[in-house]
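Understanding the architecture of this molecule
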Amino acid sequence: MKLDRRMQTLLSEIPDGKNLADIGADHGYISICYALNNPNSLVVASDISSKSIAKAKLTAEKLGLCNYKTEVGDGLCSVENYNIDCVLISGMGGEEIIKIINKSKRYPLYILSPQKNTDKVRQFLSKNNLSPKKDYKVLSENKFYDILICENGKYNPTDFELLFGSGIGDDFKLYAKNTYAQLNEIYPLVGDSEKNIIAHKLQLLKEFCDD
């Protein structure tokens, strides 16, 4: 099965030998690849849609994976009876990710990739003693994705970190330049209150756009 760059990156961030829960798994490509590479690890893929998770189940059966389980359920509720070390949540909005984490027990490691509202996820993490040990962007198929690797611990993000993450990597530099240009284009078209927000973002991103 073919993984795009985002999925390859997420797969690479899951430590070997962990019991993994893939929440909102859909086709389950990432977790299936992990199960193949870690035959002694338990992998549980869950999705609220029975039709979606059926695709992952069928693929796992075709590959003869004995360590791959599927569940139908809302968020992490469906995996509570498993001994899970690491939680993968990707392919959904930040507000949905917050809801999933907020109403479940705490796990040692979370690998998160919000489709939007990552700043809200960071705010949630900072208020709930979850700390991103990594927080970066990946360019995949002409779209930038946030990837956060989170564990228990205090997190006090700066304004820059809250809005944009660590600012590390070539993909972030490209993101910063693109975003800086887009914000400059819309700045004259918005009202005063939004101008203040955009001006603050422009100031934070300026150092990446001076060369």
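The shown structure was predicted, so the numbers you read here are calculated from the model rather than taken from an experiment.

Cut-offs applied
Residues numbered from 1 in each chain as written. Predicted model: local features only at pLDDT ≥ 70, side-chain atom pairs only at ≥ 80, totals over all residues. Heavy atoms only, no water. Buried < 20%, exposed > 50% of the residue type's maximum accessible area, 1.4 Å probe, protein only. Helix = DSSP H or I, 4+ residues; strand = E, 2+ residues; numbered from the N terminus. Arc of directions from axis to C-beta. Contact = heavy atoms within 4.5 Å. Phe/Tyr/Trp six-rings, centres within 6.5 Å; stacked < 30°, edge-to-face > 60°. Lys NZ or Arg CZ within 6 Å of the ring centre and 35° of its normal. Pairing = 2+ DSSP bridges. Right-handed = clockwise from strand over helix to strand, strands pointing away. Axes fitted to C-alpha atoms, helices over the stretch in contact; angles between N-to-C directions.

1. Thoughts on helix α4 (residues 94–102)
Regarding α4, the residues found buried are Gly94, Ile97, Ile98, Ile100 and Ile101. Looking down the long axis of α4, one finds its buried residues gathered within 165 degrees of arc, a one-sided arrangement. When the buried face of α4 is taken as reference, the exposed residues oriented beyond 90 degrees from it are Lys99 and Asn102. Residues of α4 that are buried in the fold lie against β1 (20–23), β4 (86–92), β5 (109–114), α5 (118–127) and β6 (130–140).

2. A short note on the packing of aromatic side chains
Aromatic rings in a pair are described by how distant their centres are and how their planes are angled relative to each other. By the definition in use, this model includes nine aromatic pairs. Taken together, a centroid distance of 6.4 Å and an interplanar angle of 85 degrees make the contact between Tyr107 and Tyr110 edge-to-face. Considered together, Tyr107 and Tyr110 belong to a single accessibility category, that of buried residues. An aromatic cluster is present here, built from Phe144, Phe160, Phe164, Phe172, Tyr175 and Phe208 joined pairwise through their rings. Directly above the aromatic system of Tyr145 lies the positively charged group of Arg6, at a separation of 5.2 Å from the ring centroid. One Lys or Arg, Lys137, reaches over the ring of Tyr175 and ends 4.2 Å from the middle of that ring.

3. Re the pairing of strand β3 (residues 68–72)
Relative to β3, strand β2 (residues 43–47) is paired through five bridges, and the arrangement is parallel. Note that in β3 the partner of Val43 across the bridge is Tyr68. Taking the sense of rotation as the criterion, the β-α-β connection linking β2, helix α3 (residues 50–62) and β3 turns out right-handed.

4. Overview of the sheet that holds strand β7 (residues 143–152)
In spatial order, the strands read β3-β2-β1-β4-β5-β7-β6; together these seven strands make up an open sheet with mixed pairing. This sheet does not close on itself; its edge strands, each paired only once, are β3 and β6. For this sheet the average axis-to-axis angle between neighbouring strands, irrespective of direction, equals 15 degrees. Both β5 and β7 contribute to a ladder of four bridges, which runs antiparallel. Considered in β7, the bridge of Leu109 is made with Glu151. Sitting on the sheet, helix α1 (residues 5–13) is in contact with β4, β5, β6 and β7, with an inclination near 150 degrees to β6. Against the sheet, helix α2 (residues 29–37) contacts β1, β2, β3 and β4, and its axis sits at roughly 170 degrees relative to β2.

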